[in-house]
Amino acid sequence: QQKNKTEQVLIESERRLARAQQIAHMGNWELDFATRIVMCSDEVCRIYGLPPDQNLQSVETWESFIHPEALDYVMTATNEYRQTSTAITLNYRIILKDGTVKHIYSERMFEFDRNLNPVGLYGIVHDVTERKIADENLIKSEAGLKEAQAIASVGSWEVDLLHDAHSWSDEVYKIFGINKGETTPSRESFMSFFHPDDLNYANGRIAEGFETSQ
């Protein structure tokens, strides 16, 4: 009865771990150098587009998922740590069997026997594809905005009233005829570029904007 209870606790623990990995899009794997077989968790199988019953892969098949442009980087970086117990952190792409490209964050470490000979490799993989795509889209969007502002000679600025933090776009600096670093963005520095004859008008409009939130 105690054995059955222990087995049930173990099964429940594994179920919770699998569920946590699924939520985090992060799985774990182990490579045994003697058998040259990689054992993957269910989430690793999902990330790599494999059914759960294919959780045992040869090292050759496992490496075939690595994007050709990243293969040398992954293998070289891994081999550099072959005689150390330091964690290896990697960012690279994989290609699924259907051609889908994913971005992976990986941490891996070598396992050693009592004679300090490496006998295996184990680690985690985190599917960061969505975050990577979002970052790339943001960069493209910012680059597009910067180009549009330069073409139209229109700049933009923002003020964080809670922290009194000011930021100006590159075109604002260009319009003011200054380089970044010459002036710290602030209300005072911004207003210093106004013509004296327009200063009262500008301050009045700004105050009105705060009152009406427009």
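Residue numbering note: each chain is counted from 1, following its sequence as written. Residues qualify for local features only when their pLDDT is at least 70, as the model is predicted, and side-chain atom pairs are given and counted only at 80 or more; totals for whole chains, interfaces and linings, by contrast, use all residues. Working from all heavy atoms in the structure, the side-chain values ignore hydrogens and water.

*Asks:* Account for helix 4 (residues 68-80), naming residues and giving values.
*Replies:* Helical segments are the DSSP runs of H or I of at least four residues, strand segments are the runs of E of at least two, and each set is numbered from the N terminus. The length a helix should cover is 1.5 Å for every residue beyond the first. In a regular helix each residue adds 1.5 Å, so 13 residues correspond to 18 Å; helix 4 covers 19 Å between its end C-alpha atoms and thus fits that length. Each residue's exposure class comes from its accessible area (1.4 Å probe, protein chains only) as a fraction of the maximum for that residue type: buried when under 20%, exposed when over 50%, partly exposed otherwise. Taken as a whole, helix 4 has its buried residues at A70, V74, A77 and T78. Within helix 4, the buried residues cover an arc of 100° as seen down the axis, which keeps them to one side. In helix 4, the exposed positions angled more than 90 degrees off the buried face are occupied by P68, D72 and E80. Only heavy atoms enter the contact rule, under which two residues are in contact if any of them lie within 4.5 Å. The elements touched by buried residues of helix 4 are strand 4 (88-95), strand 5 (101-112) and strand 6 (118-127). As used here, the arc is the angular range of directions from the helix axis to the C-beta atoms.

*Asks:* Describe the pairing of strand 8 (residues 165-168), and please don't skip the residues or the numbers.
*Replies:* What you see with strand 8 is a clean split: H166 and W168 sit on the buried side and A165 and S167 on the side with no burial. Pairing geometry for strand 7 (residues 157-160) and strand 8, over four bridges, is antiparallel. By the bridge assignment, E158 is partnered in strand 8 with S167. Counting the residues that bridge the hairpin from strand 7 to strand 8 gives four residues, and of these D164 lies at a positive phi of roughly 50°. Strand pairing follows a simple DSSP-based rule, namely that at least 2 bridges must link the two strands.

*Asks:* Mind laying out the side chain of H67, listing which residues take part and the relevant values?
*Replies:* Relative to the elements of secondary structure, H67 occurs in the loop between helix 3 (59-64) and helix 4. A residue is classified by how much of its surface remains accessible, and H67, at 11% relative accessible area, is buried. Excluding its chain neighbours within four sequence positions, the residues that come into contact with H67 are R93, I94 and I95.

*Asks:* Residues and numbers for the layout of surface pockets, please.
*Replies:* Site definitions follow a grid-based scheme: protein atoms alone, a 1 Å grid, a 1.4 Å probe that fits but cannot get out for cavities, and for pockets an open set with protein on both sides within 12 Å along at least five of seven lines, plus lining residues having an atom within 4 Å of a point. Grid points are joined across faces, edges and corners, and a volume is the space filled by probe spheres set on the points. Volume-wise, the largest pocket comes out at about 400 Å³. In terms of lining residues, the largest pocket is bounded by 15 residues, among which W157, V159, H166, R187 and I206 are the most central. Of all the secondary-structure elements, those providing two or more residues to the lining of the largest pocket are strand 7, strand 8, helix 7 (187-191) and helix 8 (196-212). We call Asp, Glu, Lys and Arg charged. Ala, Val, Leu, Ile, Met, Phe, Trp, Tyr, Cys and Pro are nonpolar, and the rest, Gly among them, are polar. Considering only residue class, the lining of the largest pocket consists of ten nonpolar, two polar and three charged.

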